[in-house]
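# Residue-level structural notes
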Amino acid sequence: MPKISVLIPREEIQAKTEELARRISEDYKGKDLLLVGVLKGGFMFMADLCRAITIDVSIDFISVSSYGNTTVSSGVVRILKDIDYDITGKHILIVEDIIDSGLTLTYLKDLFAAKHCASVKVCTILDKPSRRKVPLEIDYQGIVIPDKFVIGYGLDYAEKYRNLPDVCVIEEL
């Protein structure tokens, strides 16, 4: 079993999630908002964020892959499951677990914008700006983290460790 250490405790994640939810609730008051969670990693953050938002929202999910079983993004985005909603005229908030290269989110923003939605914005609980390969505006930025491979709180390594309640680092891969 590899050595695992906590990078961000669950209490810090919860506090940041509640802060983001307050901002989103205020910014989208009176608007038709669709939260689009990016599977699989974003499901925990999406559930916590959705429960903390105080306005009516619709939810959907998209599943994409750019990692496979490695710790580095391939840069090639594949859609594994598309959203179910017609998003024409809706305000879209993409809810992501972590942004590093920015390639996946840039792809998704362009994909949704081409479907004539009212707006497309991004919310992430974790941001790794040191890994950015493309410029990307993050409208609701969570916690900035160092360039380490992280697991827990929905994030995995080879489909394991998603159930850890904290964001952790594997010391030996």
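Residues numbered from 1 in each chain as written. Predicted model: local features only at pLDDT ≥ 70, side-chain atom pairs only at ≥ 80, totals over all residues. Heavy atoms only, no water.

### Some remarks on the side chain of serine 25
- Examined against the element boundaries, serine 25 turns out to sit in helix H1 (residues 10-27).
- Filtering out sequence-adjacent residues up to four positions away, serine 25 remains in contact with Ile53, Thr54 and Ile55. (Helix = DSSP H or I, 4+ residues; strand = E, 2+ residues; numbered from the N terminus. Contact = heavy atoms within 4.5 Å.)

### A short note on the packing of aromatic side chains
- In total, this model carries 2 aromatic pairs according to the counting rule given.
- Seen from their ring centres, tyrosine 28 and tyrosine 140 are 6.5 Å apart, and the 45° between their planes marks the pair as tilted. Within this pair, whereas tyrosine 28 is found in the loop between H1 and strand E2 (33-39), its partner tyrosine 140 is found in strand E7 (residues 140-144), the two being separated by 112 residues in sequence.
- When its relative accessible area of 2% is taken as the criterion, tyrosine 28 is described as buried.
- Relative to tyrosine 157, the ring of phenylalanine 149 lies with its centre 5.9 Å away and its plane at 85°, an arrangement referred to as edge-to-face. (Phe/Tyr/Trp six-rings, centres within 6.5 Å; stacked < 30°, edge-to-face > 60°. Buried < 20%, exposed > 50% of the residue type's maximum accessible area, 1.4 Å probe, protein only.)

### Regarding the pattern of salt bridges
- The full count for this structure, using the stated rule, is 13 salt bridges.
- A salt bridge links aspartate 32 to lysine 90, with the nearest nitrogen and oxygen atoms 3.0 Å apart. Of this pair, aspartate 32 sits in the loop between H1 and E2 while lysine 90 is found in the loop between strand E4 (78-81) and strand E5 (91-99), placing the two residues 58 residues apart along the sequence.
- Aspartate 32 sits in the partly exposed class, given a relative accessible area of 40%.
- We classify lysine 90 as buried; its relative accessible area is 15%.
- Aspartate 127 is paired through a salt bridge with arginine 132; the nearest N and O atoms lie 2.6 Å apart.
- Taking the relative accessible area as the measure of exposure, aspartate 127 reaches 1% and is therefore buried.
- A residue is classified by how much of its surface remains accessible, and arginine 132, at 22% relative accessible area, is partly exposed.
- Several salt bridges share partner residues, and in doing so they unite Lys40, Asp156, Glu159 and Arg162 into one network. (Salt bridge = Lys/Arg side-chain N within 4 Å of Asp/Glu carboxyl O.)

### Observations concerning the confidence of the model for the protein chain
- For the protein chain, the mean per-residue pLDDT works out to 91, and 92% of the residues sit at or above 70.
- Per-residue pLDDT, averaged within each element of the protein chain, yields its smallest value for E4 (87) and its largest for H1 (98). (pLDDT = per-residue confidence, 0-100.)

### A few points about the sheet that holds strand E8 (residues 150-151)
- Pairing is antiparallel in the open sheet, where 3 strands are placed in the order E1-E9-E8. Only two strands of the sheet have a single neighbouring strand rather than two, namely strand E1 (4-8) and E8.
- Two strands pair when backbone bridges link them, and E1 and strand E9 (residues 167-170) are joined in this way by 4 bridges, in the antiparallel orientation. Pairing of isoleucine 4 across the sheet is with isoleucine 170, part of E9. (Pairing = 2+ DSSP bridges.)

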